[in-house]
Amino acid sequence: MGELAGSIAATYWLLALAVIALWCPPWRGVAAWPVCLVMALGAAWLGGFVALPGIMALVLLAVLCHLRQHSTSSVARPLLLAAVIVLALGLALHKVPGFANPLLLQGVQVSPGAASVTQYLNVDKAAVGILLCAYFCAPARRRADWRALRPAWPLMLATPVVVLAGALLSGTVAVDPKLPPFAPVFLVTNLLFTCVAEEAFFRGVIQGGLLNALAGKRHGPAVAIGVASVLFGIAHAGGGVAMIVLATLAGVGYGLAAWRSGRIEAAILTHFLVNALRFLLVTYPLLVHA
């Protein structure tokens, strides 16, 4: 049992380091994130959390991302993008074999009247997030990049207020302030492995791809943000109609923040703020009767 816990911890922190390394400048021309990702996958391999088919799928995704970013062909680029989207979705939705994601939390009831929560260390989804963020999102590595977030601050602060108010008004949650002992692990996991991966896909790949395709069109930004937000809402269909609506609303906020600032960090931080406040202040995940 101790050996398993050690393997989970090693994989967890190396994956976390790989995510953080996305925002570190290259050292002597060498990016830190691929080194950290390989180390994390090595720890996952030793722990039995990833097998050869999973490694091969991630290598294929990296190759497709690289080819897409360096292709100048008007025919190859959309085909490569479609392949990236399909494979990334398959991995993030755990449909690709070769992964045995370890449990972090099992059957924990966070709020009275809510379903219990189970949380995994999703190695597949985390690795997808790292690759998509690296190739499609140009993480901020200079002060000027971070200063670009300033125009988005009103959106970043307003979005959690609107989404939580909507959730309370819909009756899907109730006021429930709390700070459970596992909150640090839960929140760090949510930020690094959920928010980064989902924003890299929905705002970096989908919204960014549509913005490029519709560049110069009058309603291009509105269409790009709208499509990405609706798809984000549909991805939360497991929570019912109310969750689809709330997630779509949240997606609009994330999309506007990313578009207004030109930075993926605005979307990631807004997404995390919504999730963190939802976890800490209201029913989590949802009231059972809702």
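So, a few notes on the structure that sits alongside this text. (Residues numbered from 1 in each chain as written. Predicted model: local features only at pLDDT ≥ 70, side-chain atom pairs only at ≥ 80, totals over all residues. Heavy atoms only, no water.)

With that settled, the discussion passes to the packing of aromatic side chains. Within the structure shown, the criterion is met by ten aromatic pairs. On the numbers, 5.4 Å between centres and 85 degrees between planes, the contact of Y12 with F193 is edge-to-face. Highlighted residues: Y12 in helix α1 (residues 2-21) and F193 in helix α8 (residues 183-213), separated in sequence by 181 residues. Of the residues examined, Y12 reaches a relative accessible area of 5% and is grouped as buried. On the basis of an interplanar angle of 85 degrees and a centroid distance of 5.4 Å, the ring pair of F186 and Y284 is categorised as edge-to-face. (Phe/Tyr/Trp six-rings, centres within 6.5 Å; stacked < 30°, edge-to-face > 60°. Helix = DSSP H or I, 4+ residues; strand = E, 2+ residues; numbered from the N terminus. Buried < 20%, exposed > 50% of the residue type's maximum accessible area, 1.4 Å probe, protein only.)

You can see C137 is positioned in the loop between α5 (123-136) and α6 (143-147). C-alpha separation for the pair C137 and A18, spaced 119 residues apart in sequence, amounts to 15 Å. Filtering out sequence-adjacent residues up to four positions away, C137 remains in contact with L132, A200, G204, R263 and I264. (Contact = heavy atoms within 4.5 Å.)

This part covers the packing of helix α2 (residues 32-47) against α5. For the pair α2 and α5, interaxial distance at closest approach is 12 Å and the crossing angle is 170 degrees. Classified by the angle between their axes, α2 and α5 sit roughly antiparallel to one another. On α5, the residues touching W33, L37, L41 and A44 of α2 are V123, A127, I130, L131, A134 and Y135. Here the contact of α2 with α5 is composed, by residue class, of ten nonpolar, no polar and no charged. (Axes fitted to C-alpha atoms, helices over the stretch in contact; angles between N-to-C directions. Parallel < 35°, antiparallel > 145°, perpendicular 65-115°, else oblique. Nonpolar A, V, L, I, M, F, W, Y, C, P; charged D, E, K, R; others polar.)

All right, on to the nonpolar core then. Burial of nonpolar side chains together is a common tendency in soluble globular proteins. L15, L37, L61, L91, L132 and F193 are the most contacted members of the largest nonpolar core, which totals 64 residues. Contacts of L37, omitting those with residues within four sequence positions, involve L15, A18, A127, I130 and L131. V110, F182, A183 and L187 belong to the second-largest nonpolar core, a separate cluster that totals ten residues. (Core = buried A, V, L, I, M, F, W, Y, C linked by side-chain atoms within 4.5 Å.)

We now examine the layout of surface pockets. Rolled over the atoms, a probe as big as a water molecule pinpoints where empty space is left. Of the pockets and cavities examined, the largest pocket occupies roughly 1,400 Å³. Together, 48 residues line the largest pocket, and K125, T194, E198, A235 and H236 are the ones closest to its centre. For the lining of the largest pocket, the elements supplying multiple residues, two or more each, are α4 (76-92), β2 (117-120), α5, α7 (153-170), α8, α9 (220-234), α10 (241-261) and α11 (264-281). Element by element, the count of residues in the lining of the largest pocket is highest for α8, at ten residues. Residue composition of the lining of the largest pocket, by class: 32 nonpolar, 13 polar and three charged. The space that makes up the second largest pocket amounts to roughly 310 Å³. Along the walls of the second largest pocket sit 19 residues, with F136, C137, R203, G204 and G208 positioned nearest its centre. Listed by contribution, the elements that provide at least two residues to the lining of the second largest pocket are α3 (52-70), α5, α8 and α10. It is α8 that provides the largest number of residues to the lining of the second largest pocket, a total of eight residues. When its residues are assigned to classes, the lining of the second largest pocket shows nine nonpolar, seven polar and three charged. (1 Å grid on protein atoms, 1.4 Å probe; cavity = no way out; pocket = protein on both sides within 12 Å on 5 of 7 lines; lining within 4 Å. Points joined across faces, edges and corners; volume = space filled by probe spheres on them.)

This part covers the side chain of T172. With respect to the element layout, T172 can be found in the loop between α7 and α8. A polar side-chain atom of T172 sits 2.9 Å from a polar atom in the side chain of S170. (Polar contact = N/O pair within 3.5 Å; in protein donor to acceptor, adjacent residues only side chain to side chain.)

Under the counting rule described, the total for this entry stands at six salt bridges. Taking the shortest distance from any N to any O, the salt bridge between D145 and R142 comes out at 3.1 Å. In this structure R142 comes out as exposed when scored by relative accessible area, which is 54%. One salt-bridge network, held together by shared partners, links R142, D145, R263 and E265. (Salt bridge = Lys/Arg side-chain N within 4 Å of Asp/Glu carboxyl O.)

With 17 residues, α4 should reach 24 Å at 1.5 Å per residue; the first-to-last C-alpha distance of 24 Å fits that figure. When we look at burial in α4, the residues that qualify are L80, L81, V84, L87, A88, G90 and L91. Packed against the buried residues of α4 are α3, α5 and α8. With its phi angle positive at about 65 degrees, H94 sits one or two positions after the end of α4. (Expected span 1.5 Å × (residues − 1).)

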